[in-house]
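Read off the chains here:
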Amino acid sequence: MTVTVHTIAPRLPFADVLAAGLLAEAEDDPLALAGVTVLLPSQRARRTLREAFLRRSGGRALLLPRMAAIGDLDEDEVLFAQAAGGALPEAVDIPPAIPPLRRRLLLTRLILAMPDASGKPRTPDQAARLAAELARLLDQVQTEGLGFDGLAGLVPDDYAKHWQITLNFLQILTHHWPALLAAEGCLDPTERRNRLLDAQGRAWAEAPPPGRIIAAGITGSIPAAARLVAVVAGLPQGCAVLPGLDRDLDDDSWAVLDQSHPQDPLKRLLEIMGIDRAAVTDWPAPHDEIPAAPPSRQRLISEALRPARTTHRWRDIEPLPAEAVANVSRIDCPGPREEALAIALMMREALEDAGRTCALVTPDRDLARRVAADLGRWGITVDDSAGRPLAVTPPGVFLRLSAEMVAADFAPVPLLAALKHPLSGAGLSRVAFREGVRTLERTVLRGVRPGPGLDGLRRIIPDHEARTLVPWLDAVEACCAPFVALMARDEVPFADLLEAHLRLAEALAGSDEIHGALELWSGRAGDVAAGFARDLADSAADLGTIAPRHYPALLDALMVGVPVREDVGTHPRLSILGPLEARLQHADLMIVGGLNEDTWPPRIQADPWMSRPMRTSFGLPLPEQRVGHTAHDFAHLFCAPRVALTRSEKVEGTPTVPSRWLLRLETVMAASGLTPLDGPSHYLDWADRLDQPTAFVPGERPAPCPPVEARPTKLSVTRIETWMRDPYAIYAQFILGLRALDPLDAEPGAADYGQLVHKALELFIKRHPDALPEDARGALLACGHEVFEQDIARPAVWAFWWPRFERLTDWVVAQEAARRADVRESHVEAEGTLTVGEFTLTAKADRIDLLHDGSLAILDYKTGAPPSQKEVAAGYAPQLPLEACIAQAGGFARIPARPVSKLLYWHLSGNAEGGAEKTAGADPGMLATEALDGLRGLIAAFNRPETPYEARPHPGKAPRYSDYLHLARVKEWSAGGGEGDE
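Residues numbered from 1 in each chain as written. Predicted model: local features only at pLDDT ≥ 70, side-chain atom pairs only at ≥ 80, totals over all residues. Heavy atoms only, no water.

1. Notes on the overall build of the protein
Heads up, the rule is: Strands are runs of DSSP state E lasting at least 2 residues, helices are runs of H or I lasting at least 4, and numbering of each runs from the N terminus. Values of the radius of gyration come from C-alpha atoms, whereas the globule rule sets the reference at 2.2 Å times the count of residues to the power 0.38. With a 1.4 Å probe rolled over the protein chains alone, any residue whose accessible area is under 20% of its type maximum counts as buried; one over 50% counts as exposed, and the rest are partly exposed. Here, two residues are considered to be in contact whenever any of their heavy atoms come within 4.5 Å of each other. Only four residue types enter the tally: Lys and Arg on the positive side, Asp and Glu on the negative side; His and the chain ends are excluded. Charged groups are reduced to one reference atom each: NZ for lysine, CZ for arginine, CG for aspartic acid, CD for glutamic acid.
If you tally the helices and strands in the protein, you get 38 helices and 24 strands. Here the protein has a C-alpha radius of gyration of 39 Å; the compact-globule value for 982 residues is 30 Å, and the former is much larger. Its C-alpha atoms give the protein principal-axis dimensions of about 125 × 65 × 65 Å. Burial analysis of the protein (982 residues in total) assigns 51% to the buried set. In the protein, the proportion of contacts linking residues at least 24 apart, taken out of those at least 6 apart, comes to 77%. Charge-centre separation for the protein: the mean point of 103 positive side chains lies 2 Å from the mean point of 132 negative side chains.

Written out as structure tokens, the structure reads:
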């Protein structure tokens, strides 16, 4: 049997040369091409060849050959022989392939039925991820045409015990999966593909078709595909066209090729076809007008990638001409950001020439996303062959967030994440729904977490918002009620959960203008999401029942690996490709990005199922085979007429190692007399200058000077300290009217805890103003319980604050017992004012005791650390001294003017000691006089229009915390130094 095998050199664009050869064969017969069948490796290769025919024919009308992608072969493509009157192949009797998602769910069910080595059950999402790995192992084994019979003897006694545990787990594939698959009447997709390819090979071998048949661009890495290529090459009118067979490599090197070498798949394919490398000829095609790299480029990359066992020949390498690296540039970038921006600039520059094309090829998905985002600066949407994961598209995110919202029992953060999604509407108008979300966030969700469920939200809705918020929550609840009911159960069929969740998503996505299904499933991402939901619903019953709390994580796990590829609206001359998609591709400029070790080639991951010796014994290829495939891709890309190589010198601050192929190129170029590769530095300069401001203006400390009439004329004693330490905060709060929102799902805060303690002590003193009750501690706890009850809907109050309150009651009771003999009467939460010129000072004293000696004692409750006597004496903590001024002037209602003899802080920390009493100073009268003088100075200063409300004028005395630090942009103007502790 005569075997016809050709090759197209890697320095030539494969698709263009193949099309040129077929057009030359057809000559002027417009019907000749229609009788040709071309087998290609992938669907993208089909599209590439169609475009090549369009270029080579000058745009004239053609009847193209029939093109089939053997990676996705189906019955329609396998029945070629029938059209020629041959016998019907046995492909019609091959069972259908089991849908991938259904296979994964069935494997998940089997894994859930098998506990792990520790005896603990697995969660459904863990099982789903293991199922994906098992499916990958199935595909690998079936691709190589192996069975699982040899697994039992793979683990000798001297192997680690965990390998035997792994083999026991793999009984899912050896014992359970074949029976389950037979019951389904299906085959694994890879096994079915193998059978289809073999059936097609047998049909053609028995009844060769009358037309021309060409297997083009297939490397034979799939054994079944290699067997089909061998059949095609032996047909009377058949031939194989190999991509980039290296016929210049010396015989010694060819003999020692290993799986990591780019030529290894082609070598094995030639062995299957029974043909020597020397018998392979060039594909006959006129290619004088097709842009091509010089032959020396091909020799350079062949030398650079020669097997490690023969690299000693580099010492005797012949000099290569400079044209070998003509139009090859290399750009080493400081980091990924600069690399992405430089690539985007190269791609943008390519569009300046009419008709010029450019492609970025990289396995680094982060780099691809960065480049796509940077091209968006110029309004360019680029074709990214890998697409976007469904989980990060709007419909995918909405499905995940809506499930998490219910699973988290409507906790603030998951609730707002779902309701603020652009798709959310709950059947209301978009305006009304958005306003409801904002109101709910502002009035209910800010602060400590409410009670669980929507009922927990209802219980704390303020009365003035109930009229609008309650109906709004009812609309949200109507969308969620069936799913909420299922999520409250212990075990639920996964199919029921999925159906209820999809109904929730459609209802929640609707508005008064459009049905939720139309909104949720619209656009390309919506189409993919709808297909995913449909396929999942078709197979959901196979999983059985699960605990509803695992549903969101399981949904996330099942979404992994579902891509969304935009097929419209992308730029026709730019593309981003992975190495696999880039095979047989052609562009005027090929950019090979991310050329660092562990990216090109990818890091070799440890096999979770078998060690390297076990894989070899079983018959699976070593992981290095992937390195060889990637090396083959790199060799083809390097041989493009114009190519740019880029890499980042650091990633996340860590130095990187250049790709081994770059290092090999450097070595061979030095040995052959070529100068090192260099790139145009202006791309990095442009990237650096693109976001560079025209001038750097150092940040200045804000010092606004509002009109005097806009300045506050009334402040509380607690704000006087802020006025001194950080006037800008007074400006922001009282002149601009800005208030900080509480954080979402806040941890129990000291301020809130302090308010409750104040209220409890106030209630205790009011109920027992004279003598203490017999059970004083019990009475204080009862007051605390009554006060805390108003926040009973917030569980964190009890979990964090109540134990602290219990610890301080003993100390408070002891203090009260010790001081009651000296106290004539006590006033709690006493409000008072003092007029200083046209300025009004207000205060609400925590407690003022009238002592038997006629003086007053002022107490301030502090749940945080009280100020030191030094701070009080310096005037930076004037609260208690100013309250003494008001008390001495008779400014507190129902408290006559009296001298103040004591200024005390009660530090109610709730620690092991409960609390501590500290004095503000030994001479309250002097402190009050000095504080009043300081206040008069402040008032006079800020009554002048030129006095600014400066941000933190005394850094060493600045407040520890402020709600307005970000507005004052403190970190900008304090970064230059000279700001003390700033």
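2. As for the side chain of Arg 46
Selection criterion: Polar contact is defined as a pair of N or O atoms within 3.5 Å, subject to the rule that within protein one atom must be able to donate a hydrogen and the other to accept it, and that residues adjacent in sequence are counted only when both atoms are side-chain atoms.
The topology assignment puts Arg 46 in helix 2 (residues 43-56). In this structure Arg 46 comes out as buried when scored by relative accessible area, which is 17%. There is a polar contact of 3.0 Å between the side chain of Arg 46 and the backbone oxygen of Met 67.

3. A word on the sheet that holds strand 14 (residues 574-577)
Applied cut-off: Whether two strands pair depends on DSSP finding at least two bridges between them. A fitted line through C-alpha atoms represents every axis, and for helices the fit uses only the stretch in contact; the resulting angles, taken between N-to-C directions, go from 0 to 180 degrees.
One open sheet accounts for six strands, arranged 7-16-15-8-14-9; its pairing is parallel. Each end of this open sheet is capped by a strand with a single partner; those strands are strand 7 (328-333) and strand 9 (383-384). When strand 9 meets strand 14, the two strands line up parallel, connected through two bridges. Among the inter-strand pairings, Asp 384 is bridged to a residue of strand 14, identified as Ile 576. Against the sheet, helix 26 (residues 624-638) touches strand 7, strand 8 (358-361), strand 15 (589-592) and strand 16 (643-648), its axis set at about 130 degrees to strand 16.

4. Remarks on the pattern of salt bridges
Heads up, the condition is: One side-chain nitrogen of Lys or Arg within 4 Å of one carboxyl oxygen of Asp or Glu is enough to make a salt bridge.
By the definition in use, this model includes 60 salt bridges. A salt bridge links Asp 251 to Arg 277; the nearest nitrogen and oxygen atoms lie 2.9 Å apart. In this pair, Asp 251 is assigned in helix 11 (residues 251-255) and Arg 277 in the loop between helix 12 (264-273) and strand 6 (281-282), connecting sequence segments 26 residues apart. Taking relative accessible area as the criterion, Arg 277 reaches 7% and is therefore assigned buried. Connected via shared salt-bridge partners are Asp 250, Asp 252, Glu 303, Arg 306 and Arg 313.

5. Regarding the packing of aromatic side chains
Just so we agree on the cut-off: Aromatic pairs are defined between Phe, Tyr and Trp rings, using the six-membered ring for Trp, whenever the two ring centres lie within 6.5 Å; interplanar angles under 30 degrees are classed as stacked, those over 60 as edge-to-face, and all others as tilted. Only lysine NZ and arginine CZ atoms are considered, and such an atom sits over a ring when it is within 6 Å of the ring centre and within 35 degrees of the ring normal.
In the structure shown here, the tally under the stated rule is 17 aromatic pairs. Here Trp 600 and Trp 661 contribute two aromatic rings whose centre-to-centre distance is 6.4 Å and whose plane-to-plane angle is 75 degrees, an arrangement assigned as edge-to-face. In this pair, Trp 600 is assigned in the loop between strand 15 and helix 25 (612-618) and Trp 661 in helix 27 (residues 660-671), connecting sequence segments 61 residues apart. Residue Trp 661 is classed as buried on the basis of its relative accessible area of 3%. Taken together, a centroid distance of 6.1 Å and an interplanar angle of 25 degrees make the contact between Phe 634 and Phe 638 stacked. Taken together, the residues Phe 634 and Phe 638, both in helix 26 and four residues apart, mark about one turn of the helix. Judged by its relative accessible area of 0%, Phe 634 falls in the buried class. An aromatic cluster of at least three residues, connected via ring pairs, comprises Trp 723, Tyr 728, Tyr 731, Phe 839, Phe 942 and Tyr 949. Positioned over the ring face of Phe 638 is Arg 297, at 5.9 Å from the centre of the ring.

6. Structural notes on a nonpolar patch on the surface
Our working definition: Patches here: salt-bridge-free residues with over 30% relative accessible area, like charges joined within 9 Å, nonpolar side chains (Val, Leu, Ile, Met, Phe, Trp, Tyr) joined within 5 Å. Each accessible area value is a Shrake-Rupley result obtained with a 1.4 Å probe; residue values ignore everything except the protein chains displayed when judging cover.
There is a patch of nonpolar side chains on the surface, built from Leu 736, Leu 738 and Leu 967 and spanning about 220 Å² of accessible area. Along the chain, Leu 738 turns up in the loop between helix 30 (727-735) and helix 31 (750-767).

7. Considerations on the sheet that holds strand 2 (residues 36-40)
The parallel open sheet is built from six strands, whose spatial order is 3-2-4-5-1-6. Either end of the sheet is taken by a strand with one partner, and the two such strands are strand 3 (66-69) and strand 6. By the bridge criterion, four bridges tie strand 1 (residues 5-8) to strand 5 (residues 238-243) in an arrangement that is parallel. Following the sheet pairing, Thr 7 is matched in strand 5 by Leu 242.

8. Concerning unusual backbone geometry
Here the bond from Trp 600 into Pro 601 is cis, since omega is -5 degrees, no more than 30 degrees from zero. Note on placement: Pro 601 falls in the loop between strand 15 and helix 25. In this structure, Asp 598 is a non-glycine residue whose phi angle is positive, near 75 degrees. For Arg 969, which is not glycine, the phi dihedral falls at a positive 50 degrees. Mapped onto the fold, Arg 969 is located in the loop between helix 37 (965-968) and helix 38 (970-973).

9. Observations concerning helix 2
The following threshold applies: Here, expected helix span is obtained from the residue count minus one, scaled by 1.5 Å.
The terminal C-alpha atoms of helix 2 lie 20 Å apart, and with 14 residues this matches the ideal 20 Å at 1.5 Å per residue to within 8%. For helix 2, every residue scored as buried is listed here: Arg 44, Ala 45, Arg 46, Thr 48, Leu 49, Ala 52 and Phe 53. Once helix 2 ends, the next one or two residues include Gly 58, with phi positive near 70 degrees.

10. Thoughts on the pairing of strand 21 (residues 839-851)
Burial analysis of strand 21 places eleven of its 13 residues in the buried class, which makes it a mostly covered element. Relative to strand 21, strand 19 (residues 714-716) runs parallel, the two being bridged by three bridges. Among the inter-strand pairings, Lys 714 is bridged to a residue of strand 21, identified as Thr 840. The sheet contact formed by strand 20 (residues 823-836) and strand 21 spans twelve bridges and is antiparallel. Bridge assignment links Leu 834 to a residue of strand 21, and that residue is Leu 841. Of the pairings in the sheet, the one linking strand 21 to strand 22 (residues 856-862) comprises four bridges and is antiparallel in character. Among the inter-strand pairings, Asp 849 is bridged to a residue of strand 22, identified as Ala 857. Taking the residues that link successive antiparallel strands as the turn, the strand 21-strand 22 hairpin has four residues, and the phi of Gly 854 there is positive, at about 90 degrees.

11. A word on the environment of Gly 832
Structurally, Gly 832 is set in strand 20. Since its relative accessible area comes to 6%, Gly 832 is described here as buried. Considering only alpha carbons, one finds Gly 832 and Ser 716, 116 residues apart in sequence, at a separation of 9.8 Å. With residues near it in sequence (within four places) discarded, Gly 832 still touches Leu 841, Thr 842, Ala 843, Ile 886, Gly 891 and Phe 892.

12. Some points on the packing of helix 5 (residues 100-112) against helix 8 (residues 171-184)
The geometry of a pair of packed helices is captured by two quantities: the angle between their axes and the separation between those axes. Just so we agree on the cut-off: Should an angle lie under 35 degrees it is considered roughly parallel, over 145 roughly antiparallel, and from 65 to 115 roughly perpendicular; all remaining angles are considered oblique. The crossing is said to be left-handed when, going from far helix to near helix, the turn is anticlockwise and less than a right angle, and right-handed when the turn is clockwise. Each residue receives one of three labels: charged for Asp, Glu, Lys and Arg, nonpolar for Ala, Val, Leu, Ile, Met, Phe, Trp, Tyr, Cys and Pro, and polar for the others, Gly being one of them.
Closest axis-to-axis distance for the helix 5/helix 8 pair is 11 Å, and the angle between their directions is 130 degrees. Classed by the angle they form, the pair helix 5 and helix 8 counts as oblique. Helix 5 and helix 8 meet at a crossing whose hand is right-handed. In this structure, helix 5 contributes Arg 102, Arg 103, Leu 106, Leu 107, Arg 109, Leu 110 and Ile 111 to the contact, and helix 8 contributes Ile 172, Leu 173, His 176, Trp 177, Leu 180 and Glu 184. Each residue belonging to the contact of helix 5 with helix 8 can be placed in one class, and the counts come to eight nonpolar, one polar and four charged.

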